[in-house]
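# Topology and contacts: notes
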Amino acid sequence: MTTPITVMIANSQFAERERLKKQLATHAGIEVVAEAQNDRECFDLATRLHPQILIIQDELPVLGGLNIAEQVSERSSETGIILMLSNPAGEEMWHKMLRAGIRDFITRATPADLVIEEIRRVASARKSAQTPSAANIEKPKSLIITVAAPRGGTGKTVIATNLAVALATHNEKVTLLDLNLAGGDVAVLLDLMPQRTLGDLLPTFVGIDDDIMSSVTAKHSSGLSVIPAPLSGTFDSAVMSRPLVQNLLRYLRDRYTYTVADTGYPNLESTLAAMDSSDIILVVVGNDLPRLRDGKQYLKNLIAANYPKERIRVIVNRTGVTKEIPGKEVEAILEFPVTAQLPNDDELVGVSVNLGQPFVISAPHKPLSRVLKNLAESLVISSTPKPPKHKSAFTFFA
Ligand SMILES: Nc1ncnc2c1ncn2[C@@H]1O[C@H](COP(=O)(O)OP(=O)(O)O)[C@@H](O)[C@H]1O
Ligand SMILES: [Mg+2]
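Now for a description of the structure that goes with this document. (Residues numbered from 1 in each chain as written. Chains lettered and ligands numbered in written order. Predicted model: local features only at pLDDT ≥ 70, side-chain atom pairs only at ≥ 80, totals over all residues. Heavy atoms only, no water.)

## Description of the overall build of the protein
The criterion, for reference: Each helix corresponds to a stretch of at least 4 residues labelled H or I by DSSP, and each strand to a stretch of at least 2 residues labelled E; elements are numbered beginning at the N terminus. Summary of the burial criterion: residues with accessible area below 20% of their type's maximum are buried, those above 50% are exposed, and those between are partly exposed, where the area comes from a 1.4 Å probe applied to protein chains only. By definition in these notes, contact holds between two residues if any of their heavy atoms fall within 4.5 Å. To be clear on the numbers: accessible area is Shrake-Rupley with a 1.4 Å probe, and residue cover counts the displayed protein chains and nothing else.
On a plain count of helices and strands, the protein comes out with 17 helices and 13 strands. Taking all 398 residues of the protein together, the buried fraction comes to 51%. Here the contacts in the protein between residues at least 6 apart in sequence split such that 75% fall between residues at least 24 apart. When the accessible surface of the protein is totalled, it reaches about 18,800 Å², and 51% of it is carbon and sulfur.

Written as structure tokens, this is what we have:
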């Protein structure tokens, strides 16, 4: 028999602890090894026992669950944290959770079998993050690349679109998924006028099959398949739930060699779900001090939330303007290697966006196009596996 997953419960209410214990007792593969009623007890026990899972109440007295969970994570890297939310996770809560390095949660209403599933998933993710197995470093046969950023207006859509088109020149099986449900503009940037979009599948979405997916997939002249978001922001982003996005990406992974996902706000469930399913997370940051500071905090949050560092590639966008911070300093501020620097080119990007012509095709020799094409080439899956490159952009793309 395999050893059970060790779980600790931190909750101020006796009845809640008992209820959870009862839910978990039905499963032989899970063992509750400790209980705590407040943050001090929680910290002491968790850092002594190093449970695989800590289920912690968000309102745990005195300082609150998030606060103490962050401290436990720092001291016990083997412990995966699941937050027990008193209220359903709203945007603000997501943001706080991500800042505290937590992205897994349950509520009182979560049924027992889903609680068990969540425990198993978090424990196994934690284990593989701790021991990089051959499977983890092996090059995958397909790649999901999510483009994310600490804030809007950073260039995610421009980059995702041109990157996907550049990849489509290498491979016929490339898809671009626009997860920006609150008003995606991927279709506009590609001059497509889709009959149907992701929005047509929602919110009564029941399942994914080839018929449904082909009805929402548009084809760009480059060969790229595009799954557009609704052009106007008439949808509540919350309907793109984590399971839905993960199903969608699983489906696309089976059918495409490359899937590029453009995302909306950083703390949306759909953005986090896409990042969870991705082999590569391109983090786009702006090139001035406030944006670099944002970028630094965002990268820190991603690492704290257990996104493996080797999956993250930092792209600094809109470089080459006057009085900019030198490249080496950018890496020092971000405390992260930079994979590519994209020059600012108002005219090229402006014309490209307005005409709906990706610049990697319309002006392939411009410096911005060249850097994006290099970036695409660096992501192309070769038949002979190579170890990942960790070269800095300041030498790699010089
Ligand atoms: N390298 C660049 N040079 C000039 N303008 C750019 C560049 N990258 C993005 N932009 C402009 O910045 C704005 C925001 O870009 P967009 O891709 O829509 O950001 P996001 O998707 O992150 O919200 C757009 O007006 C776009 O044309
Ligand atoms: Mg965008």
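## Let's talk about the pairing of strand 4 (residues 80-85)
Within a regular beta strand, the side chains point alternately toward one face of the sheet and then the other, so they alternate between its two faces. Convention followed: For two strands to be treated as a pair, DSSP must find at least two bridges joining them. When the strands point away from the viewer and the connection leading from the first strand across the helix to the second strand turns clockwise, the crossover is called right-handed.
Of all 6 residues in strand 4, 6 are buried, a share of seventy percent or more. In strand 4, alternate side chains face the same way, and those of G80, I82 and M84 on one face and I81, L83 and L85 on the other are all buried. Here strand 3 (residues 53-57) runs beside strand 4; their pairing, made up of 5 bridges, is parallel. Directly across from I56, in strand 4, lies its bridge partner L83. Viewed along the sheet, the connection from strand 3 through helix 3 (residues 65-75) into strand 4 turns out right-handed. Pairing of strand 4 with strand 5 (residues 105-107) involves 3 bridges; the strand directions are parallel. Pairing of L85 across the sheet is with T107, part of strand 5.

## Some details on helix 2 (residues 39-49)
What counts is decided by this rule: Whenever a nitrogen or oxygen atom comes within 3.5 Å of another N or O atom, the pair is scored as a polar contact, on the condition that within protein one atom can donate a hydrogen and the other can accept it, and that pairs from neighbouring residues in sequence are kept only if both atoms are in side chains.
Among all positions of helix 2, only D39, C42, F43, L45, A46 and T47 are buried. Packed against the buried residues of helix 2 are strand 1 (5-10), strand 2 (30-36), strand 3 and helix 3. One side-chain oxygen of the residue at the start of helix 2 lies 3.3 Å from the amide nitrogen of R40, identifying that residue as N38. Following helix 2 by one or two positions, H50 adopts a phi angle in the positive range, close to 45 degrees.

## Observations regarding the site of ligand 1
Using the following cut-off: Think of it this way: one heavy atom of a residue within 4 Å of a molecule or strand is enough to make that residue near it. Think of it as three bins: nonpolar holds Ala, Val, Leu, Ile, Met, Phe, Trp, Tyr, Cys and Pro, charged holds Asp, Glu, Lys and Arg, and polar takes everything else, Gly as well.
Taken together, 16 residues sit near ligand 1, with G153, K156, T157, V158 and N317 positioned nearest. Here a nitrogen atom of ligand 1 and a side-chain polar atom of N317 are 2.9 Å apart. Within the side chain of R318, one N or O atom sits 3.0 Å away from a nitrogen atom of ligand 1. Compared with its free state, where it exposes 560 Å², ligand 1 has 78% of that area covered by protein. Of all the elements in the fold, those that place two or more residues in the shell around ligand 1 are helix 7 (156-168), strand 12 (312-319) and helix 14 (346-355). Here the residues of the shell around ligand 1 are counted per class, giving 5 nonpolar, 7 polar and 4 charged.

## Focus on the packing of helix 1 (residues 14-25) against helix 5 (residues 112-130)
Applicable threshold: To get an axis, fit a line to the C-alpha atoms, keeping to the stretch in contact for a helix; angles then go from 0 to 180 degrees between the N-to-C directions. Our angle categories are set so that under 35 degrees counts as roughly parallel, over 145 as roughly antiparallel, 65 to 115 as roughly perpendicular, and the remainder as oblique.
In the contact formed by helix 1 and helix 5, the axes pass within 9 Å of each other and the chain directions differ by 80 degrees. Of the possible angle classes, the one that applies to helix 1 and helix 5 is roughly perpendicular. Of the residues in helix 5, those touching helix 1 at L20, Q23 and L24 are A112, V115, I116 and I119.

## Thoughts on the sheet that holds strand 8 (residues 218-219)
Strand order in this open sheet of 8 strands is 8-9-7-10-6-11-12-13, and the pairing throughout is mixed. Two strands bound the open sheet, and with one partner strand each, they are strand 8 and strand 13 (338-343). Against the sheet, helix 7 engages strand 6 (143-148), strand 7 (174-178), strand 10 (258-262), strand 11 (280-285), strand 12 and strand 13, with an angle of about 165 degrees to strand 10.

## Looking at the sheet that holds strand 1
Strands sit in the order 2-1-3-4-5 across an open sheet of 5 strands; the sheet is parallel. Each edge of the open sheet carries a strand with a single partner, namely strand 2 and strand 5. Across the sheet, the mean angle separating the axes of adjacent strands is 25 degrees when strand polarity is ignored. Here strand 1 runs beside strand 2; their pairing, made up of 6 bridges, is parallel. Its bridge partner being in strand 2, V7 is matched across the sheet by V32. Across the sheet, helix 1 lies against strand 1, strand 2, strand 3 and strand 4, angled at about 170 degrees from strand 2, the strand it touches most. Most of the contacts of helix 2 go to strand 2, to which it runs at about 140 degrees, and overall it touches strand 1, strand 2 and strand 3.

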